[in-house]
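Structural features, examined
Spelled out from the first residue to the last, the chains are:
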Amino acid sequence: QVQLVESGGGLVQPGGSLRLSCAASGSVFTINALGWYRQVPGKQRELVATITGVSTTNYADSVKGRCTISRSNANNTVYLQMSSLKPEDTAVYYCYARTERLGIYDYWGQGTQVTVSS
């Protein structure tokens, strides 16, 4: 059982930056992967970035070069640093965790809104 709570969303102007945070609690020792997804109304939820192990990362083509995912094992927190934001980055961003002990289970935060607009 893993609980995920996002924070850091808000309104930002095009070209601006922000950092999203996700605090994990519960059975954090079972987590194999952490990541971020985003979703806009009428569209499928899409991958933004994932991180596994110590530093293995994966990014969607749409955010490569503009986003950095990282994590702090000390406080069980995963971050998404976003820069050069575009209006098309506007979405609800969801924190994600996967565990593989006794089967594969995916966990999701409740989401944080990011709006890029002038």
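For the structure itself, consult the block above.
Residues numbered from 1 in each chain as written. Predicted model: local features only at pLDDT ≥ 70, side-chain atom pairs only at ≥ 80, totals over all residues. Heavy atoms only, no water.

1. Looking at the nonpolar core
When a protein is soluble and globular, its nonpolar side chains tend to lie buried together. Counting residues in hydrophobic clusters, the biggest one holds 29 residues, and the most contacted among them are Trp36, Leu80 and Tyr93. Not counting residues within four places of it along the chain, the set of residues in contact with Tyr93 comprises Glu6, Leu20, Trp36, Tyr37, Arg38, Val48, Leu80, Met82, Gly111, Thr112 and Val114. (Core = buried A, V, L, I, M, F, W, Y, C linked by side-chain atoms within 4.5 Å. Buried < 20%, exposed > 50% of the residue type's maximum accessible area, 1.4 Å probe, protein only. Contact = heavy atoms within 4.5 Å.)

2. What about unusual backbone geometry?
Peptide bonds are trans in most cases, and residues, glycine excluded, mostly fall at negative phi. Look at Ser84: it is not a glycine, yet its phi comes out positive at around 50°. Looking at where Ser84 falls in the secondary structure, it is placed in the loop between strand E8 (77–82) and strand E9 (91–99). Residue classification places Ser84 among the partly exposed positions, given a relative accessible area of 40%. Here the phi dihedral of Leu102 falls at roughly 60°; this positive angle occurs in a residue that is not glycine. On the secondary structure map, Leu102 appears in the loop between E9 and strand E10 (105–108). (Helix = DSSP H or I, 4+ residues; strand = E, 2+ residues; numbered from the N terminus.)

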